[in-house]
Amino acid sequence: MKKVCSLIWLTFIAISYFCRGLQSVSEIPNFPLNNGKKIPSIGYGTWMANGQDLENALEVALEDGYRYIDTAFLYGNEKVVGKVLNRWITDGKLKREDLYILTKLPPSGNRPEGVSKYLKKSLENLQLDYVDMYLIHVPFAFNEIGDNLFPFHSNKTINMDSSTDLKAIWKEMEKQVDAGLTKGIGLSNYNETQIKKVLEYSRIKPCTLQIELHPYLQQNKLVEFCKKNEILVIAYSPLGSPGLTKFFENFQKKIDRPDILGDSTLKAIAAKYSKTTAQVLLRFFTQNGIVPIPKSTNPSRIKMNIEIFDFQLNDQEMNEIKALDKGQRLLNFSELFDGIDKHPEYPFKSQ
Ligand code: A2P
């Protein structure tokens, strides 16, 4: 009898644990997209993560309820993402349709014939038949030199392709939706003028725009323009990219990065809710209809970053954070790709 009771008790604990897991996942709200699909209101960003670190982190992220995974061919980590996703799907822990997978066309493939070629490469890396969203990573292009994703001339300037025809590239992007290789298509790092042109000639509208956004760079005009045109905004570097300094050191470069997570306004708001400044920021974005994609390979930070749906910022706090904007861009690409600001489609010319 005792054994039966403890068996029942154990079963009860297992079921309630399982249900709690399901509940926490279903608690993550989705945002609607203009292609009739939905996107989770927070994603897991993978830039600057790779190898075993990323593999372990993705396991944690999926356990914690992240369902939108953001990657790119350029990050060189799609195979790791694919390995973990495949494990979860094969083990029956998740179905493909439970996941939201976004990847991007690299600058060295940024020409009409590159679109299907690189999307197919990404699908192979990710071990998927389709992605949920395919973005043009940047509006400028590099020449394709073998497999070299970062082709530099001997004088260290970037080997760019100035013949970029964004309309012809978009027409190929649309064909990928027709072919069922992606559910939606979108843009990244485009400016308002470039997006306006896409809207004029598009048969399939861009669903999303992914841009750098954090309290010190809020890009309100661009965000409002996107909202008006039913383009959902995805925020990269939402925490102000604390890892960027180290990343630049790999290129023997120094950047002056502000400590956004240490901002006193954010700290005061965080203290009120017993949350971290990172959680306040991520909440700020989702509350404003923007999807942040924080990157972390640290298990406790991965978990914390998604625990943002149990509190709400009031109007005054939202306005206090809005007032922190100072138009401070952390990444304009010319620090990384010397000479890219001369490309005809370089997006940040007037800034
Ligand atoms: P780590 O991977 O060690 O957690 P962003 O998404 O703005 O680019 O920020 C990513 C960087 O921020 C990474 O260096 C990551 O480091 C760090 N990070 C992620 N989440 C948090 C957090 N909750 N608090 C502090 N730093 C964080």
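Structural notes, computed from the coordinates.

What counts as what
- Residues numbered from 1 in each chain as written.
- Predicted model: local features only at pLDDT ≥ 70, side-chain atom pairs only at ≥ 80, totals over all residues.
- Heavy atoms only, no water.
- Salt bridge = Lys/Arg side-chain N within 4 Å of Asp/Glu carboxyl O.
- Helix = DSSP H or I, 4+ residues; strand = E, 2+ residues; numbered from the N terminus.
- Buried < 20%, exposed > 50% of the residue type's maximum accessible area, 1.4 Å probe, protein only.
- Disulfide = S-S within 2.5 Å.
- Core = buried A, V, L, I, M, F, W, Y, C linked by side-chain atoms within 4.5 Å.
- Pairing = 2+ DSSP bridges.

## Quick look at the pattern of salt bridges
The final tally for this structure, using the stated rule, is 18 salt bridges. Between K83 and E55 there is a salt bridge whose closest N-O contact spans 3.0 Å. Remark: E55 occurs in helix α2 (residues 51–64) and K83 occurs in helix α3 (residues 78–90); sequence separation between them is 28 residues. Take E55: its relative accessible area is 10%, and that puts it in the buried class. Among the ionic pairs, K221 bridges to E192, the shortest N-O distance being 3.2 Å. Placement of the pair is K221 in helix α7 (residues 220–228) and E192 in helix α6 (residues 192–201), with a sequence separation of 29 residues. The class of E192 is buried, set by a relative accessible area of 17%. Salt bridges sharing common partners tie together E55, E59, K83 and R87.

## Some words on the state of the cysteines
Covalently bonding the sulfur atom of one cysteine to the sulfur atom of another cysteine gives a disulfide. The tally for this structure, following the rule as stated, stands at zero disulfides. C226 takes part in no disulfide bond, and the closest cysteine sulfur to it belongs to C207, at a distance of 12 Å. Taking relative accessible area as the criterion, C226 reaches 0% and is therefore assigned buried.

## A look at the nonpolar core
Residues Y44, Y134, I195 and L209 are the most contacted members of the largest nonpolar core, which totals 74 residues. Counting residues in hydrophobic clusters, the runner-up holds 29 residues, among them L232, I293, L331 and I340.

## A word on the sheet that holds strand β6 (residues 133–136)
Overall, parallel pairing links the eight strands, which are arranged β3-β4-β5-β6-β7-β8-β9-β10 in an open sheet. With one partner strand each, in any of the chains shown, β3 (43–45) and β10 (291–292) form the two edges of the open sheet. Pairing geometry for strand β9 (residues 232–236) and β10, over two bridges, is parallel. When the bridges of β10 are listed, A235 appears paired with P292.

Just geometry here; none of it tells us what the structure is for.
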